Amino acid sequence: MSETLTGAQLTVRLLERQGIAIVAGIPGGAILPIYDALGQSTRIRHVLARHEQGAGFMAQGMARTSGRPAVCLASSGPGATNLLTAIADAKLDSIPLVAITGQVPKAMIGTDAFQEVDTYGLSIPITKHNFLVSSAEELLEVIPAAFRIAASGRPGPVLVDIPKDVQMQAIDVAEWPAPGLATVTAPAATAAIAEAAAMIDAAERPLLYLGGGVVHSGAAAAAVALAEKAGLPTVMTLMALGAMPVDHPLSLGMLGMHGARATNLALDECDLLIAVGARFDDRATGKVAQFCRHAKIIHIDIDRAELDKIKTAHVGIAADVGQALDALLPRLASTPRSAWRARIAELQQQFPVVVDNGDDPLSHVGLIRTVAACLDDEAIIATDVGQHQMWVAQYYPLRRPRQWLTSGGLGTMGFGVPVAIGAALAEPARTVVCFTGDGSILMNIQELVTAAEENANIKIVLMNNASLGLVHQQQTLFYGERLFASQFKAVPDFVAVARGFGIRAVDLDRATNPCAALLEAIGRPGPCLIHVSIDAGQKVFPMVPPGAANHEMIGH
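So, here's what we can say about the structure. No experiment lies behind these values; they were computed from the predicted model shown.

1. As for empty space enclosed by the protein
- This model, assessed by the stated rule, comprises three cavities of 30 Å³ or more.
- In this structure, the largest cavity encloses a volume near 130 Å³.
- What lines the largest cavity is simply Arg-64, Ile-95, Gly-212, Val-215, His-216, Leu-238, Met-239, Leu-241, Arg-402, Trp-404, Leu-405 and Thr-406.
- Looking at the lining of the largest cavity, the elements with two or more residues in it are helix 9 (212-216) and strand 16 (404-405).
- Ranked by residue count, the leading element in the lining of the largest cavity is helix 9, at three residues.

2. Digging into the pairing of strand 20 (residues 528-533)
- Most of strand 20 is tucked away, with five of its six residues classed as buried.
- Bridge count between strand 18 (residues 458-464) and strand 20: six bridges; the pairing is parallel. Considered in strand 20, the bridge of Val-461 is made with Ile-530.
- As paired strands, strand 19 (residues 504-507) and strand 20 are joined by four bridges and run parallel to one another. Of the residues in strand 20, the one forming a bridge with Ala-505 is Leu-529.
- With helix 22 (residues 514-523) bridging strand 19 and its parallel neighbour strand 20, the resulting β-α-β unit is right-handed.

3. Looking at the packing of helix 3 (residues 52-66) against helix 17 (residues 416-426)
- Look at helix 3 against helix 17: their axes get within 6 Å of each other, and the N-to-C directions meet at 50 degrees. Taken together, the axes of helix 3 and helix 17 are oblique relative to one another. Like other packed secondary-structure pairs, helix 3 and helix 17 cross with a definite hand, here right-handed. Of the residues in helix 17, those in contact with Gly-54, Phe-57, Met-58, Gln-60, Gly-61, Met-62 and Thr-65 of helix 3 are Pro-418, Val-419, Ile-421, Gly-422, Ala-423 and Ala-426.
- Residue classes in the contact of helix 3 with helix 17 are distributed as eight nonpolar, five polar and no charged.

4. Notes on the pattern of salt bridges
- For the structure on display, the rule yields 19 salt bridges.
- What you see here is one network of salt bridges that share partners, running through Arg-154, Asp-303, Glu-306 and Lys-309.

5. Brief notes about the pairing of strand 13 (residues 296-301)
- Extensive coverage of strand 13 is indicated by the burial of five of its six residues.
- As judged from the four bridges shared by strand 13 and strand 14 (residues 315-318), these two strands associate in the parallel manner. Paired with Ile-298 across the two strands is Val-315, which belongs to strand 14.

6. Quick look at helix 15 (residues 364-373)
- Within helix 15, eight of the 10 residues are buried, leaving the element largely enclosed by the surrounding structure.
- For helix 15, the full list of buried residues reads His-364, Val-365, Gly-366, Leu-367, Ile-368, Thr-370, Val-371 and Ala-372.
- Buried residues along helix 15 sit in contact with helix 16 (387-395), strand 17 (432-437), strand 18, helix 22 and strand 20.

7. Thoughts on the layout of surface pockets
- Roughly 640 Å³ of internal volume is contained in the second largest pocket.
- Considering the residues around the second largest pocket, the lining is formed by 30 residues, among which Val-246, Leu-252, Gly-253, Val-353 and Gln-394 are closest to the centre.
- Listing elements by their share of the lining of the second largest pocket, those giving two or more residues are strand 11 (251-254), helix 11 (261-269), helix 14 (338-350) and helix 16.
- Of all the elements, strand 11 adds the most residues to the lining of the second largest pocket, at four residues.
- Classifying every residue of the lining of the second largest pocket by side-chain character gives 21 nonpolar, eight polar and one charged.

8. Thoughts on the sheet that holds strand 14
- Read across the sheet, six strands follow the order 11-10-9-12-13-14 without closing on themselves; strand pairing throughout is parallel. Looking along the sheet, the strands with just one partner apiece sit at the ends: strand 11 and strand 14. Across the sheet, the axes of successive neighbouring strands diverge by a mean angle of 15 degrees, strand direction being ignored.
- The pairing of strand 10 (residues 234-236) with strand 11 spans two bridges and is classified as parallel.

9. Some points on a nonpolar patch on the surface
- Together, Ile-109, Tyr-120, Ile-124 and Leu-132 give the surface a local cluster of nonpolar side chains, amounting to about 320 Å² of exposed area.
- Counting through the fold element by element, Ile-124 comes out in the loop between helix 5 (119-123) and strand 6 (129-132).

About the criteria used
Residues numbered from 1 in each chain as written. Predicted model: local features only at pLDDT ≥ 70, side-chain atom pairs only at ≥ 80, totals over all residues. Heavy atoms only, no water. 1 Å grid on protein atoms, 1.4 Å probe; cavity = no way out; pocket = protein on both sides within 12 Å on 5 of 7 lines; lining within 4 Å. Points joined across faces, edges and corners; volume = space filled by probe spheres on them. Helix = DSSP H or I, 4+ residues; strand = E, 2+ residues; numbered from the N terminus. Buried < 20%, exposed > 50% of the residue type's maximum accessible area, 1.4 Å probe, protein only. Pairing = 2+ DSSP bridges. Right-handed = clockwise from strand over helix to strand, strands pointing away. Axes fitted to C-alpha atoms, helices over the stretch in contact; angles between N-to-C directions. Parallel < 35°, antiparallel > 145°, perpendicular 65-115°, else oblique. Left-handed = near helix turned anticlockwise from the far one by under 90°. Contact = heavy atoms within 4.5 Å. Nonpolar A, V, L, I, M, F, W, Y, C, P; charged D, E, K, R; others polar. Salt bridge = Lys/Arg side-chain N within 4 Å of Asp/Glu carboxyl O. Patch = residues over 30% accessible without salt bridge, like charges linked within 9 Å, V, L, I, M, F, W, Y side chains within 5 Å. Areas by Shrake-Rupley, 256 points an atom, 1.4 Å probe, with all protein chains shown as cover.

Take a look at the structure:
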């Protein structure tokens with residue numbers, strides 16, 4: 001039996017068939033047919049964001065938490081352009097996202113019609129793929145393809161731009177396409193796996209280097225098993241934190257610009273680097289010519305384009321990292337590597353991680369540690385971008401994959417609150433904590449209304465130093481202390497603002513017992529803002545100066 005459906009109804013039905021239960025967005029004239037159809041759905045719940053960028057980040061929160069493509073909606077023109085930052089962020093961090101935008105009718109495209117922009121053209125550089133749909137029939141192919149492309153290989157965002165007349169076009173549908181699912185990646189070459197295994201067994205000072213691809217592929221357990229069998233000390237990029245528990249005996253934590261000095265020095269001494277799902281980002285490598293300068297490199301990545309892009313690999317393996325690690329594991333000898341691990345322990349003793357005021361909940365490190373003490377490993381930890389992000393990366397005890405949500409590649413201020421809302425929507429049984437700064441939260445502070453409306457179980461820990469902290473830090477260290485445009489002259493009353501937006505707020509600066517106030521705020525369900533003043537003079541140390549090699553860190 002065939003059904004007569006409009007393109008808008010078809011779009012909603014196809015989303016339902018993909019298993020989409022929640023979408024985030026904001027309506028506008030060019031996408032109203034889809035919103036009208038969405039209002040009739042009993043299977044999809046719409047979350048009304050207050051800014052399209054917020055909607056995109058809410059979808060990211062759902063996708064980053066679940067590992068499955070999530071959906072955001074926006075209208076044409078400014079609606080679509082507001083969405084672009086969230087799409088670009090998803091592209092750089094390999095997050096599966098399907099963004100659906102309305103467009104002016106086909107006959108008006110190119111006429112500078114009201115709220116018309118070339119969404120297709122604008123989104124080409126920042127999407128994995130994009131579509132401008134020319135007929136309702138195309139939707140039967142395009143929507144499943146969008147999900148398949150977003151989830152296959154290296155994940156990423158796909159944009160589907162649908163003109164208003166296509167949304168209103170009625171067609172008969174006799175047969176439904178299968179939902180779009182990730183395609184199977186070709187297995188790793190057996191010869192390359194064998195060569196990699198031989199190199200690992202022969203190495204005296206090997207290190208395992210995990211990137212975000214380990215999390216995306218669900219390969220964290222395989223990576224830990226590999227490290228344990230071969231006795232591989234392990235470093236993680238910002239995006240991979242949690243892939244190996246921070247307190248695992250083989251974990252050296254985060255490498256790179258704000259990694260521990262001993263970790264970066266160990267990398268400088270290693271003779272073999274096994275890079276898994278990592279792209280040799282400049283914040284991880286520092287001066288790339290000096291990165292692991294004595295080491296041979298094995299590079300495993302699902303994206304063939306990443307092999308030899310930054311560092312030339314002695315063995316490059318293009319494959320799903322989980323499949324490659326499963327193939328590699330049985331070929332490796334069990335090796336304790338006692339001498340190498342003893343040398344790393346010596347470096348850690350020589351260059352210990354220095355913690356100032358680590359027990360004071362009103363200090364930056366003490367606050368992070370106190371929050372962690374109030375939670376278990378089931379909690380989800382999101383951050384905005386800035387000093388607070390780096391401090392949390394350094395000091396929060398992350399122990400599982402997909403526990404950690406942060407903007408790595410694009411470094412987007414305003415990321416934290418909407419992503420935390422999306423995570424809470426996807427995982428309502430978990431507590432979601434968002435660490436943010438006064439500069440970052442102001443970028444998308446309007447989404448506090450969405451958090452209140454959805455009663456999202458998020459706790460927003462606002463570390464307020466009345467400045468753009470990382471800018472302030474770099475100006476202090478590298479620009480002769482010439483502070484310009486990095487200190488806020490007007491500082492809002494964030495507690496009053498939060499309450500005005502309809503969520504609870506606690507000011508730890510005024511709490512008689514800050515620890516008790518923090519525990520009560522985190523333990524009570526629903527959204528809450530927790531405000532703490534932080535000294536603007538505090539810096540993120542250690543630090544690799546711009547243009548320097550990782551072994552040339554400063555501070556601590």
